[in-house]
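As a plain string of letters, each chain reads:
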Amino acid sequence: MADQMIFKRCEIKYMLDITQAELLKNQMKQYMTADEHGVSTICSLYFDTPDYLLIQRSMEHPVYKEKLRLRSYGTADKDTTVFVELKKKYESVVYKRRIAMTEDEAERYLLFMKK
């Protein structure tokens, strides 16, 4: 199956202590298996405005927010496939669009967008 490039998911977060997290993981093992990204290091670089407007707005927990990030599964080098992602969240529903390219292409693209 090709990597999915458009996502929509409902997002509800819960605070768990270590014991609760381990119990949940053990319960879920019978229903879930790791995919090819399941044991990799996920590296994310979030972009913001020079005055940090996006993170400031995000911390206010607005009804709508958006983020731009660069994500890799494992440590990237110039030839590694990475994802440039635009995430939008409205009333706990996350919409994400992403495009795959090499790290080198992503750097050139994002520097061009900055101008």
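First things first, this report covers the structure right here in the doc. (Residues numbered from 1 in each chain as written. Predicted model: local features only at pLDDT ≥ 70, side-chain atom pairs only at ≥ 80, totals over all residues. Heavy atoms only, no water.)

**As for the overall build of the protein**
Moving on, step 1. For the protein, the count of helices and strands is three helices and five strands.
Moving on, step 2. When the helices and strands of the protein are listed from N to C terminus, the series reads β-α-β-α-β-β-β-α.
Moving on, step 3. Over its C-alpha atoms, taken along the principal directions, the protein stretches across nearly 50 × 35 × 25 Å.
Moving on, step 4. By the burial criterion, 19% of the 115 residues in the protein qualify as buried.
Moving on, step 5. Once local pairs closer than 6 in sequence are excluded, the contacts in the protein between residues at least 24 apart make up 50%.
Moving on, step 6. Summed over all atoms, the accessible surface of the protein reaches about 9500 Å², with 58% contributed by carbon and sulfur. (Helix = DSSP H or I, 4+ residues; strand = E, 2+ residues; numbered from the N terminus. Buried < 20%, exposed > 50% of the residue type's maximum accessible area, 1.4 Å probe, protein only. Contact = heavy atoms within 4.5 Å. Areas by Shrake-Rupley, 256 points an atom, 1.4 Å probe, with all protein chains shown as cover.)

**With respect to the side chain of S58**
Moving on, step 1. Following the sequence through the fold, S58 ends up in helix α2 (residues 53-59).
Moving on, step 2. In terms of polar contacts, S58 uses its side chain to reach the side chain of K65, at 3.1 Å. (Polar contact = N/O pair within 3.5 Å; in protein donor to acceptor, adjacent residues only side chain to side chain.)

**Section: the nonpolar core**
Moving on, step 1. By size, the foremost hydrophobic cluster in this structure holds six residues: L70, V82, V84, M101, A106 and L110.
Moving on, step 2. Elements represented by at least two residues in this core include exactly β4 (81-90) and α3 (103-114).
Moving on, step 3. Beyond its immediate stretch of four places on either side in the chain, M101 contacts T80, T81, V82, V84, A106 and Y109. (Core = buried A, V, L, I, M, F, W, Y, C linked by side-chain atoms within 4.5 Å.)

**Quick look at the sheet that holds strand β2 (residues 42-47)**
Moving on, step 1. Read across the open sheet, the five strands follow the order β1-β5-β4-β3-β2; overall the sheet is antiparallel. The open sheet has two edge strands, β1 (6-10) and β2, and neither has a second partner. Sheet twist, expressed as the average angle between the axes of neighbouring strands with direction ignored, equals 25 degrees.
Moving on, step 2. Direction of pairing for β4 relative to strand β5 (residues 93-102): antiparallel, over a ladder of 10 bridges. Paired with K89 across the bridge in β5 is V94. (Pairing = 2+ DSSP bridges. Axes fitted to C-alpha atoms, helices over the stretch in contact; angles between N-to-C directions.)

**Concerning unusual backbone geometry**
Moving on, step 1. Here the phi dihedral of E91 falls at roughly 50 degrees; this positive angle occurs in a residue that is not glycine.
Moving on, step 2. Within the secondary structure, E91 sits in the loop between β4 and β5.
Moving on, step 3. Backbone geometry at S92 places phi at a positive 70 degrees, although glycine is not the residue there.
Moving on, step 4. Summarising the element assignment, S92 is placed in the loop between β4 and β5.
Moving on, step 5. The class for S92 is partly exposed, based on a relative accessible area of 38%.

**A word on the pairing of β5**
Moving on, step 1. In the sheet, β1 pairs with β5 via five bridges, with the strands oriented antiparallel. Paired with C10 across the two strands is V93, which belongs to β5.
Moving on, step 2. In textbook terms, the turn of a hairpin is the stretch between consecutive antiparallel strands, and for β4 and β5 this stretch comprises two residues, one of which, E91, has a positive phi near 50 degrees.

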